[in-house]
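Read off the chains here:
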Amino acid sequence: MGGLFSERAWAVVLAHKANFIQGFSVTVESALGGILIAAVLGVLLGLMGVSSRKVPKTLNRIYVEAIQNTPLILQLCILYYALSFSGHKIGVLAAGIISLGIYHGAYMAEVIRAGIEAVPKGQFEAADAQGFDYTQKMAYIILPQTIKIILPPTVNQIGNLIKNTAVLYIIGGADLISSTYNFVTGATTGGSYAPAYIVCGVLFFVICFPLSTLAARWEAKLKAQDEMMNA
Amino acid sequence: MMIKLEHVNKYFGTNHVLKDVNLEVKEGEKLVIIGPSGSGKSTTVRCMNFLEEPTDGHVYINGTELTRKNRTQIIRDNMSMVFQQFNLYPHMTVLQNLTLAPMKLKHKSKEDAEKTAYHYLEVVGLRHKANVYPTTLSGGQQQRIAIARALCDESKIILFDEPTSALDPETIQEVLDVMIKLAKEGNITMVVVTHEMGFARQVADRIVFMENGQIIDEGTPDHFFVNPTNDRVKKFLSKIIR
């Protein structure tokens, strides 16, 4: 046990700190890309989910059910290996970003659908009765009222997405988890399991914790505003 | 004709709620629709702006047939609505509620829209509430704001769907007073679904009585309140007027 936390082990980790910084930046990069795609897909598919028409609603259900009921790793493998065997090779990072976006897009679609459904029907009718078209109704009247509702689950999804960058390992990614694993099993750097994994964990915590704290504060602020409005 | 319903039928599932309704409303006319609950009064006005699309039949607004395609434009140009539950936008102040549609839909400048908004807030007696959020107001005040919002749209037609049914008894009159003022002064075409018989008697040019999805009687207030001829109407009025 003592060996795990030995000075030598820490020294090896410190000497290779660039390895962790590099992995960290790939994780942040793929997370940011994934969040962007998930947000766009989430809004589009969430709106389709509350549509009164059959086709968009069905597409929403097929997408959400297919994505939520299969593993992210499998989706990534299909995207990466199946595409490359059929001659459409895409980069590891691109594959990671796209599959993270698609996977969390399905969850975001549900978050946004639920948020919109929580807005009273009278709000939609008031907008219709004033002559707002669909886009104006959503942009000015409905979506602003969903923000409070969707904020906490959205931040949850962002946190999960950041942690899920770990799946890049399966296609040989250079994200934080992959670099950490490659480091501790590496021929020249191997063996420093405990310090390496602790550093990796701290780096994840450093992004995820401020995020959830910020969201909690924002939520509290909105709630306080609400109470003021209702006072 | 400002509004014309022609052979309008409406089904909710297998429930036949409007049965061949024919109705015309003239420009500037104050039409009041009365009748027991579930008689199709609300559905009738909601068909006028396609909040409910008729299953069958035609709706004409100012001569143009309302379709799924043109409804947004026709409504924007011609009509507003006041709801039982007010339906003010809770994330906006009173002033923002009043200026949103004029600015976004009629491309008025902010100064212009606010000037109009303050004018109508004055009309409903709530100028001092311009910068509060609607949920801080009483039901009666919210409904007066909702009426001001409808006025700010500057529509030729305002539909009122049971505007006082959700209010405390003591605030009903403040809303009715605003509506009476509107009816007496303006040349706005008003269609009002209500249980307030005093209001109907005082402002209606014409009253329509509905039951079971059909119009079974119509006429002037005197026809209803001085010498009602229809037995069903007599029975209804005897119960509702105490």
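Every value quoted in this text rests on a predicted model; they were computed, and no experiment measured them. (Residues numbered from 1 in each chain as written. Chains lettered and ligands numbered in written order. Predicted model: local features only at pLDDT ≥ 70, side-chain atom pairs only at ≥ 80, totals over all residues. Heavy atoms only, no water.)

**Student:** Any details on the overall build of chain B? Residues and values, ideally.
**Tutor:** Along the backbone of chain B there are nine helices and ten strands. The C-alpha atoms of chain B give 18 Å as radius of gyration, which agrees with the globular expectation for 242 residues (18 Å, within 12%). Taken along its principal axes, the extent of the C-alpha atoms in chain B is 55 × 45 × 30 Å. For chain B, the share of sequence-separated contacts (at least 6 apart) that also reach a separation of at least 24 residues comes to 66%. Surface exposure of chain B reaches about 10500 Å², of which carbon and sulfur atoms provide 45%. Charge separation in chain B, taken as the distance between the mean sites of 30 positive and 30 negative side-chain charges, equals 2 Å. (Helix = DSSP H or I, 4+ residues; strand = E, 2+ residues; numbered from the N terminus. Rg over C-alpha atoms; globule rule 2.2 N^0.38 Å. Contact = heavy atoms within 4.5 Å. Areas by Shrake-Rupley, 256 points an atom, 1.4 Å probe, with all protein chains shown as cover. Lys, Arg positive; Asp, Glu negative; His and termini not counted. Charge placed at Lys NZ, Arg CZ, Asp CG, Glu CD.)

**Student:** How would you explain the interface of chain A and chain B if you had to name every residue and give the values?
**Tutor:** Across the boundary between the two partners, chain A contributes 21 residues, which contact 26 residues of chain B. Carbon and sulfur atoms supply 55% of the area that chain A and chain B bury against each other, a total of about 2000 Å² over both sides. Taken together, the links from chain A to chain B amount to two salt bridges. Note that Arg46(B) and Glu125(A) form a salt bridge whose closest N and O atoms lie 2.7 Å from each other. One can count ten residue pairs in polar contact (both at pLDDT 80 or more) joining chain A with chain B. Element by element, the count of residues in the side of chain A that touches chain B is highest for helix 6 (residues 121-130) of chain A, at nine residues. Split by residue class, the side of chain A that touches chain B holds ten nonpolar, seven polar and four charged. (Buried area = accessible area lost by both parts, 1.4 Å probe. Salt bridge = Lys/Arg side-chain N within 4 Å of Asp/Glu carboxyl O. Polar contact = N/O pair within 3.5 Å; in protein donor to acceptor, adjacent residues only side chain to side chain. Nonpolar A, V, L, I, M, F, W, Y, C, P; charged D, E, K, R; others polar.)

**Student:** Please provide a residue-by-residue account of the packing of helix 3 (residues 54-68) of chain A against helix 5 (residues 92-117) of chain A, values included.
**Tutor:** Residues and elements named next belong to chain A. Packing of helix 3 against helix 5 brings their axes to within 9 Å, and their N-to-C directions diverge by 125°. Here helix 3 lies oblique to helix 5, going by the angle between them. Note on packing geometry: the crossing formed by helix 3 with helix 5 is left-handed. Across from Asn60, Arg61, Tyr63, Val64, Ile67 and Gln68 in helix 3, the residues of helix 5 making contact are Gly101, Ile102, Tyr103, Gly105, Ala106, Tyr107, Ala109, Glu110 and Arg113. (Axes fitted to C-alpha atoms, helices over the stretch in contact; angles between N-to-C directions. Parallel < 35°, antiparallel > 145°, perpendicular 65-115°, else oblique. Left-handed = near helix turned anticlockwise from the far one by under 90°.)

**Student:** I'd like to hear about the confidence of the model for chain B, residue by residue, with values.
**Tutor:** The predicted coordinates ought not to be read in detail in places where the model reports low pLDDT. Residues and elements named next belong to chain B. For chain B, per-residue confidence averages 95 on the pLDDT scale, and residues scoring 70 or more make up 100% of the total. Element-level pLDDT for chain B is lowest in helix 9 (residues 231-240), with a mean of 89, against a maximum mean of 98 in helix 3 (residues 94-105). Listed scores for the predicted complex are pTM 0.86 and ipTM 0.95. (pLDDT = per-residue confidence, 0-100.)

**Student:** So what's going on with the sheet that holds strand 4 (residues 56-61) of chain B? Residues and values would help.
**Tutor:** Residue and element names in this part refer to chain B. Across the sheet, four strands lie side by side as 2-1-4-5; this open sheet has antiparallel pairing. Either end of the sheet is taken by a strand with one partner, and the two such strands are strand 2 (15-25) and strand 5 (64-65). As paired strands, strand 4 and strand 5 are joined by two bridges and run antiparallel to one another. Residue pairing for strand 5: Ile61 is matched across the bridge by Thr64. (Pairing = 2+ DSSP bridges.)

**Student:** Could you give an account of a nonpolar patch on the surface, naming the residues involved and the relevant values?
**Tutor:** Residues and elements named next belong to chain A. A contiguous nonpolar patch, built from Phe5, Trp10, Ile198, Val202 and Val206 and spanning about 440 Å² of accessible area, is present on the exposed surface. Of note, Trp10 is situated in helix 1 (residues 7-15). By relative accessible area, which is 36% here, Trp10 ends up partly exposed. (Patch = residues over 30% accessible without salt bridge, like charges linked within 9 Å, V, L, I, M, F, W, Y side chains within 5 Å. Buried < 20%, exposed > 50% of the residue type's maximum accessible area, 1.4 Å probe, protein only.)

**Student:** Break down the sheet that holds strand 10 (residues 214-219) of chain B for me, with residues and values.
**Tutor:** Residues and elements named next belong to chain B. Pairing within the open sheet is mixed, and its six strands lie in the order 6-7-8-3-9-10. Each having just a single partner strand, strand 6 (79-82) and strand 10 make up the two edges of the open sheet. Taken over all neighbouring pairs, the strand axes of this sheet differ in orientation by 20° on average, direction set aside. Examined bridge by bridge, strand 9 (residues 206-211) and strand 10 share five bridges and lie antiparallel to one another.

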